[in-house]
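Structural description and commentary
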Amino acid sequence: MPITNCKRCGRMYNRVGRDICPNCIREEDRMLTEIRNFLRKNKLANIAEVAEGTHVEYEIIVDMIRDGRLILRNHPNMSYACERCGKPTQSGRFCGSCTQELARGLSAASAELRAKNAQTKSGKGFYSRNDVGRLD
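A quick note: this is a predicted structure, and the numbers were derived from the prediction, not measured.

**Description of the nonpolar core**
Grouped together as the largest cluster of nonpolar side chains are 19 residues, with contacts concentrated most on I35, V50, I61, I65, L70 and M78. Going through the elements one at a time, α1 (22-41), α2 (47-54) and α3 (58-66) are the ones with two or more residues in this core. Aside from chain neighbours lying at most four places away, what touches I61 is I35, I47, V50, A51, V56, L70 and M78. Of all hydrophobic cores here, the second largest spans five residues; its members include C6, I20, C21 and C24.

Spelled out as structure tokens, the structure:
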């Protein structure tokens, strides 16, 4: 197990799966329970209101949403800015349109690489010893 420092408190710990130590995980679980209880009572609250009402930092709430630990199915006002374009989103790092645009770009790049690899394998490239001196 690698030993690392907790990204939240700085303590050293044996890293198992997350970037934070067991003490911070317990604290984060407590905060998550508090946030969920607040949202049950205040379904139309936004992230700033939840942060104020629970005394949990705005960034921690957003991290919980991005990591998938806080699901916002019935909370329409709980949105934050897309990292790419700034439009409101309720899950992940990017809004739906940026996610689709990035996926299209990755698909196009992947297809281009496949085409380039197929072209290289189709006889253009290196010759074998058997091909040298042979006239077809």
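**Concerning the state of the cysteines**
A full pass over the atoms with the stated rule returns zero disulfides. Here C24 is not cross-linked by a disulfide; its sulfur's nearest cysteine counterpart is in C6, at 3.6 Å. Not engaged in a disulfide, the cysteine C95 finds its nearest cysteine sulfur in C98; these two sulfurs lie 3.6 Å apart.

Criteria and cut-off values
Residues numbered from 1 in each chain as written. Predicted model: local features only at pLDDT ≥ 70, side-chain atom pairs only at ≥ 80, totals over all residues. Heavy atoms only, no water. Core = buried A, V, L, I, M, F, W, Y, C linked by side-chain atoms within 4.5 Å. Buried < 20%, exposed > 50% of the residue type's maximum accessible area, 1.4 Å probe, protein only. Helix = DSSP H or I, 4+ residues; strand = E, 2+ residues; numbered from the N terminus. Contact = heavy atoms within 4.5 Å. Disulfide = S-S within 2.5 Å.

Honestly, that's just the spatial picture; any functional story needs more than this.
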